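# An overview of the molecular structure
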Amino acid sequence: MKRGIIALTALGLIAGCTTATPEPDRTADPPTTAIRLVAFDSCADALADLRAAARKSVGPWGLPDALQRLTAAGAERGGARSGAAPADAPPQHSATNNHEAAADEPDVVKTDGNRIVSIVGSKLLVADPNRRVQTGQLDLSRAAGAGNWWLSKLLLHGDRAIVLAAAAYDPPAGVVRPSVGLPLDTRALLIDLAGTPRVLGSYRIDGELVDARKIDDTVRVVVRSRPRISFPPYAKDATDADRVTANQAAIDRAPVEDWLPRYEWTEGNERRTGQLPCDRLSRPTGHTGSGLLNLLSFDLGTGRLGDGDPIGVVAEGETVYGTADSLYVADHRGGRLVTTRRGGSGAPSEVSTGLHRFDLTSPGRPRYVASGAVPGHLLNQYALSEWKGHLRVATTTDPDGRSRVGGSSSAVYVLRTDGDELRRVGMVDGLGRGERIYSVRYLGDTGYVVTFRETDPLYTLDLRDPTAPKVTGELKITGYSGHLQPAGEGRLLGVGQEADERGVRQGLLVSLFDVSDPAKPTRIAHYHRPGTYSLAEHDPHALLYWPGSGLVVLPVSGRQHVGQEALVLRTDGSRLTEVGRIAHPGDDHRAGVIRSLIVGDTLWTLSDVGLQATDPTNLAERNWIPAT
């Protein structure tokens with residue numbers, strides 16, 4: 001990774017903003033406050049700064065954590081490779097439903113057309129989709145040396161796979177537990193798939209896995225770590241002031257190593273260890289000293305993991321968005337503190353989203369470019385989009401409706417890199433007053449935003465002029481779309497929930513929208529299944545859209561089902577038709593279908609009990625591969 005330095009920028013409104021509804025005059029620009037991030041000069045400088053920030057933020061029950069910050073509930077074109085393939089190329093096949101095609105996202109199953117690689121429980125399974133047989137498996141927990149790991153996902157690169165996972169562990173004697181939360185680490189395994197799957201190397205670092213992206217040969221991994229400060233036992237008869245004083249004394253005794261994540265990696269029989277160097281650590285002003293954001297780079301083209309070439313930033317980060325050239329990490333800040341018992345005052349604070357951009361155009365460490373901030377809460381990575389040198393960001397203020405003044409409202413901001421700042425150049429606000437954002441999609445210079453509380457306004461946005469974005473159309477229907485999927489020229493698929501006129505959810509709703517006229521978006525077809533829901537409403541990886549045949553596949557569950565079936569629909573651009581449903585053998589939750597993919601002329605579905613090959617035209621079973 002290139003050395004990264006992050007700046008946090010609190011930006012004021014600037015000229016050139018437009019609104020969806022009449023707003024007060026904004027011709028005068030409020031002052032802009034830039035909070036730049038700089039590298040530490042030395043370990044002594046780092047320690048002094050971290051201690052000072054932690055002393056200010058510590059409460060009677062320790063340092064603040066992510067639970068004390070407001071959160072809300074919650075794939076540019078992914079999916080298909082098209083065009084004629086040479087004779088020696090693998091069959092046409094679907095890909096992970098990624099936000100951006102050039103930035104592959106980790107998932108529980110991948111295919112390159114010649115093999116299907118999946119993670120089922122603690123096992124990595126490899127299948128040949130042409131012969132429809134399992135060809136190998138690997139016990140991941142044993143290979144990683146961790147008996148309790150989860151959230152396993154993988155990325156595929158030729159004959160190599162990298163598996164990423166979170167793991168809980170018991171710190172060895174003499175090692176202090178993290179000051180906030182459970183002792184977690186992030187693990188990576190590099191696996192050779194050329195023959196029987198085998199581990200080429202492993203990696204472990206203190207902290208929680210946030211997300212990762214693979215751009216070309218390189219995997220970028222984002223990890224959030226916590227300091228390991230030995231706070232004194234809580235004295236029952238002590239006052240809050242006494243506890244704060246004791247905790248501050250513990251901070252004053254903590255060495256800089258207590259903040260820096262430790263890592264280790266193996267290559268064959270060799271094992272090496274390290275800790276994030278002070279000269280790889282940077283800070284913004286105003287940080288709390290309670291968490292670090294770590295960026296790792298693994299070049300899969302080398303056939304080894306190495307030390308991850310880490311850099312660190314004294315900041316938080318919850319959402320990752322990647323393109324071919326940039327990596328963005330978003331930090332959800334502010335919100336209502338939970339209780340004084342957890343170290344907070346209980347008083348509400350302004351919710352904002354910090355944004356940090358890194359350049360990925362050169363090999364090695366990401367190079368920090370710029371940072372900024374916008375008001376409101378970010379739903380997910382689909383609320384972000386980089387287009388022609390600008391970043392579009394959709395947020396909601398007060399998404400949970402806690403404020404008694406003004407209520408919730410949503411906006412789309414347009415930012416431009418200006419030096420080391422992401423500076424706001426335009427905005428359109430007033431979207432869905434009293435509601436919050438449920439889904440966002442950007443397609444080129446057009447944006448689509450769904451807000452909901454009782455009805456579903458689908459807004460279309462004209463983003464051609466970054467200084468003057470504007471609403472061009474609005475469609476009000478019952479229910480909402482939790483995910484919007486491109487489905488051909490002028491068409492969008494929406495996956496969400498139907499609702500009555502009071503906003504009460506009524507079950508799965510798949511909608512087909514005609515957005516060819518941005519001024520008049522219409523819904524031309526829909527499919528409603530009462531009493532059910534789908535993972536694809538909040539996890540786009542669970543949705544398969546295959547353009548060649550108009551196939552739409554998504555897992556569906558409900559009160560009538562212990563597990564999840566795969567619902568198969570088909571669209572011709574004007575209709576949605578149910579083809580049927582696919583269920584895996586078994587009567588418990590493990591048999592629930594979670595993913596689907598296409599290889600050649602076969603539809604594959606994945607559950608924790610195995611892989612099923614199905615004819616996509618009539619859903620006749622072609623083969624069953626148990627996960628054994």
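This text goes with the structure placed above it.
First things first, this report covers the structure right here in the doc. Remember, predicted model here, so these are calculated numbers, not experimental data.

Okay, the pairing of strand S43 (residues 602-607) next. S43 sits mainly inside the fold: 6 of its 6 residues count as buried. Burial along S43 is two-sided: Thr602, Trp604 and Leu606 and Leu603, Thr605 and Ser607, pointing in opposite directions, are all buried. In terms of strand pairing, strand S42 (residues 595-599) meets S43 through 5 bridges, oriented antiparallel. By the bridge assignment for S43, Arg595 is matched with Leu606. When S43 meets strand S44 (residues 610-614), the two strands line up antiparallel, connected through 5 bridges. Bridge pairing links Ser607 to Gly610 in S44. Taking the residues that link successive antiparallel strands as the turn, the S43-S44 hairpin has 2 residues.

Let us look at the pairing of strand S25 (residues 384-387). Judged from the 4 bridges that link them, S25 and strand S26 (residues 390-397) form a sheet pairing that is antiparallel. Each bridged residue has a counterpart across the sheet, and for Trp387 the counterpart in S26 is His390. Connecting the antiparallel pair S25 and S26 is a turn made up of 2 residues, with Lys388 showing a positive phi of about 50°.

Attention shifts here to helix H1 (residues 43-57). The terminal C-alpha atoms of H1, which comprises 15 residues, lie 21 Å apart, in line with the 21 Å expected from a rise of 1.5 Å per residue. Those residues of H1 that fall on the buried side of the exposure criterion are Ala46, Leu47, Leu50, Ala53, Ala54 and Ser57. Mapping the buried residues of H1 onto a view down its axis gives an arc of 140°, with all of them on the same face. More than 90 degrees from the buried face of H1, the exposed residues found are Ala44 and Lys56. Against the buried residues of H1 lie helix H3 (240-253) and strand S17 (281-283).

Moving on, we come to the packing of H1 against H3. Contact geometry of H1 with H3 gives a least axis separation of 9 Å together with a crossing angle of 170°. If you check the angle between H1 and H3, you find them roughly antiparallel. Where H1 abuts H3, its residues Arg51, Ala54 and Arg55 lie against Gln248, Ile251, Asp252 and Arg253. Split by residue class, the contact of H1 with H3 holds 2 nonpolar, 1 polar and 4 charged.

This part covers the state of the cysteines. Overall, the coordinates contain 1 disulfide when judged by the stated rule. Two residues share a disulfide in this structure: Cys43 and Cys278, whose sulfurs sit 2.0 Å from each other. Note on the Cys43 and Cys278 pair: the S-S dihedral is about 105°, so by sign convention the disulfide is right-handed. Note on Cys43: relative accessible area 37%, which makes it partly exposed.

Let us look at the environment of Val222. If you trace the backbone, Val222 turns up in strand S14 (residues 218-225). Distance in space between the C-alpha atoms of Val222 and Asn294 is 5.8 Å, their sequence separation being 72 residues. Once residues lying within four places of it in the same chain are set aside, the contact partners of Val222 are Glu208, Leu209, Val210, Asp211, Leu293, Asn294, Val320, Leu327 and Val329.

Quick look at unusual backbone geometry now. Despite not being glycine, Asp216 shows a phi value in the positive range, around 55°. Residue Asp216 is classed as exposed on the basis of its relative accessible area, which comes to 63%. The phi angle at Leu619 is positive, at roughly 65°, despite the residue not being glycine.

This part covers the environment of Ile524. With respect to the secondary-structure elements, Ile524 resides in strand S36 (residues 522-530). Each C-alpha atom, one on Ile524 and one on Leu512, is 5.9 Å from the other, the two residues being 12 residues apart in sequence. Those residues within four positions of Ile524 in sequence are excluded, and the remaining contacts are Arg491, Leu512, Asp514, Gly573 and Ser574.

Scoring rules and cut-offs
Residues numbered from 1 in each chain as written. Predicted model: local features only at pLDDT ≥ 70, side-chain atom pairs only at ≥ 80, totals over all residues. Heavy atoms only, no water. Buried < 20%, exposed > 50% of the residue type's maximum accessible area, 1.4 Å probe, protein only. Helix = DSSP H or I, 4+ residues; strand = E, 2+ residues; numbered from the N terminus. Pairing = 2+ DSSP bridges. Expected span 1.5 Å × (residues − 1). Arc of directions from axis to C-beta. Contact = heavy atoms within 4.5 Å. Axes fitted to C-alpha atoms, helices over the stretch in contact; angles between N-to-C directions. Parallel < 35°, antiparallel > 145°, perpendicular 65-115°, else oblique. Nonpolar A, V, L, I, M, F, W, Y, C, P; charged D, E, K, R; others polar. Disulfide = S-S within 2.5 Å.

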